[in-house]
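Here's the letter readout for the chains.
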Amino acid sequence: MFCRDLAEKYPAVYVTSGPLYLPSPSLDDGGKKFVKYQVIGAGKVAVPTHLYKVILAETDDSSDPASQPPPSLGVFVVPNKPLGDEELTSFQTTLTELETLCGISFHSKLDRSNVSDLCKTDKCKLMTTLELKQFVYSLRLGRAKSEEQIGEILDEAKKEGLERDSVIAQSAAQQGNKLNTSATNGS
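From a predicted model like this one, the values you see are computed outputs, not experimental measurements. (Residues numbered from 1 in each chain as written. Predicted model: local features only at pLDDT ≥ 70, side-chain atom pairs only at ≥ 80, totals over all residues. Heavy atoms only, no water.)

Caption draft 1: Spotlight on the overall build of the chain. Each helix and strand in the chain was counted, giving six helices and eight strands. When the elements of the chain are put in sequence order from the N terminus, they spell out α-β-β-β-β-β-β-β-α-β-α-α-α-α. Here the C-alpha radius of gyration of the chain, 22 Å, is well above what a compact globule of 187 residues would show, namely 16 Å. Expressed as lengths along the three principal axes of its C-alpha atoms, the size of the chain is roughly 65 × 55 × 30 Å. The proportion of buried residues among the 187 residues of the chain is 29%. For the chain, long-range pairs separated by at least 24 residues make up 61% of all intrachain contacts whose partners lie at least 6 apart in sequence. With the model as given, the accessible surface of the chain reaches about 12400 Å², and the carbon-plus-sulfur share is 52%. Treating the 21 positive side-chain charges of the chain as one cloud and the 25 negative ones as another, the clouds have centres 5 Å apart. (Helix = DSSP H or I, 4+ residues; strand = E, 2+ residues; numbered from the N terminus. Rg over C-alpha atoms; globule rule 2.2 N^0.38 Å. Buried < 20%, exposed > 50% of the residue type's maximum accessible area, 1.4 Å probe, protein only. Contact = heavy atoms within 4.5 Å. Areas by Shrake-Rupley, 256 points an atom, 1.4 Å probe, with all protein chains shown as cover. Lys, Arg positive; Asp, Glu negative; His and termini not counted. Charge placed at Lys NZ, Arg CZ, Asp CG, Glu CD.)

Here it is, written out as structure tokens:
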């Protein structure tokens, strides 16, 4: 969602993301580091321990490069687990550090001495857990095809303790009105 918001604010946003399999110290083996990860499914697909994201946002789309402000860069390495309401800035790292971790060179033609910190220019604010739930339920409600489906989605929200959430209630009411209007116009 953060990257989608950036795409609305900046003329060009380049996002590169991928998996990382990072070692962690072993308490049993004198602090030596080992890469340990889960595998899932019949094909034993490796589940990454971390995910990385490199975001380069161009701040101006003018044709004269000399007049352009520097692009903004954000580089993040995030553990592959639920984060709760942690700040994105706590996972920020440098491009050089990420390149060392994964062995990939990013934006090789970028003048790294002339970039600004994305988190200083754009705050790097993530949705809270509640905001994310509201967003997901609102999307689902907006796709509901019947009053029955709306009721089922609201029942799921209630089970998550969101029975009195005004954002979800408003989305349900809007979709209900939309369905009623379509039914009235269609008959």
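Caption draft 2: Spotlight on the sheet that holds strand β7 (residues 72–79). The sheet built from four strands is open, its strands ordered β1-β6-β7-β8 with mixed pairing. The sheet is open, and its two borders are formed by β1 (12–20) and β8 (116–117), each paired with just one other strand. Across two bridges, β7 lies against β8 in parallel orientation. Looking at the pairing, Leu73 lines up with Asp117 of β8. Relative to strand β6 (residues 50–58), helix α1 (residues 2–9) is tilted by about 5°, and along the sheet it contacts β1 and β6. (Pairing = 2+ DSSP bridges. Axes fitted to C-alpha atoms, helices over the stretch in contact; angles between N-to-C directions.)

Caption draft 3: Just the environment of Leu98, in detail. Here Leu98 is to be found in helix α2 (residues 95–102). As a C-alpha pair, Leu98 and Val35 span 63 residues in sequence and 17 Å in three-dimensional space. Beyond its immediate stretch of four places on either side in the chain, Leu98 contacts Leu20, Tyr52, Val54, Val75, Val77, Gly103 and Phe106.

Caption draft 4: Molecular detail of the pattern of salt bridges. With the rule as written, the count across this model stands at four salt bridges. Between Asp122 and Lys9 there is a salt bridge, and its shortest N-O distance comes to 3.5 Å. One end of the pair, Asp122, is in helix α3 (residues 118–122); the other, Lys9, is in helix α1, and 113 residues separate them in sequence. Given the relative accessible area of 12%, Asp122 is considered buried. Lys133 is the salt-bridge partner of Glu160, the closest N and O atoms lying 3.2 Å from each other. Here Glu160, found in the loop between α5 (147–159) and α6 (166–186), pairs with Lys133, found in helix α4 (residues 129–142); they are 27 residues apart in sequence, far enough to count as distant. In this structure Glu160 comes out as partly exposed when scored by relative accessible area, which is 40%. (Salt bridge = Lys/Arg side-chain N within 4 Å of Asp/Glu carboxyl O.)

Caption draft 5: The nonpolar core, seen in detail. Phe2, Leu6, Ile55, Phe76, Leu118 and Cys124 are the most contacted members of the largest nonpolar core, which has 13 residues in total. Those elements that place two or more of their residues in this core are α1, β6, β7 and α3. If you tally residues by element for this core, the top one is α1, at three residues. Apart from the residues lying within four places of it in its own chain, the contact partners of Phe76 are Leu51, Tyr52, Lys53, Ile55, Leu88, Phe91, Gln92, Thr93, Cys119 and Cys124. If you look at the next biggest cluster of nonpolar residues, it comprises twelve residues, including Leu20, Leu73, Val75 and Leu98. (Core = buried A, V, L, I, M, F, W, Y, C linked by side-chain atoms within 4.5 Å.)

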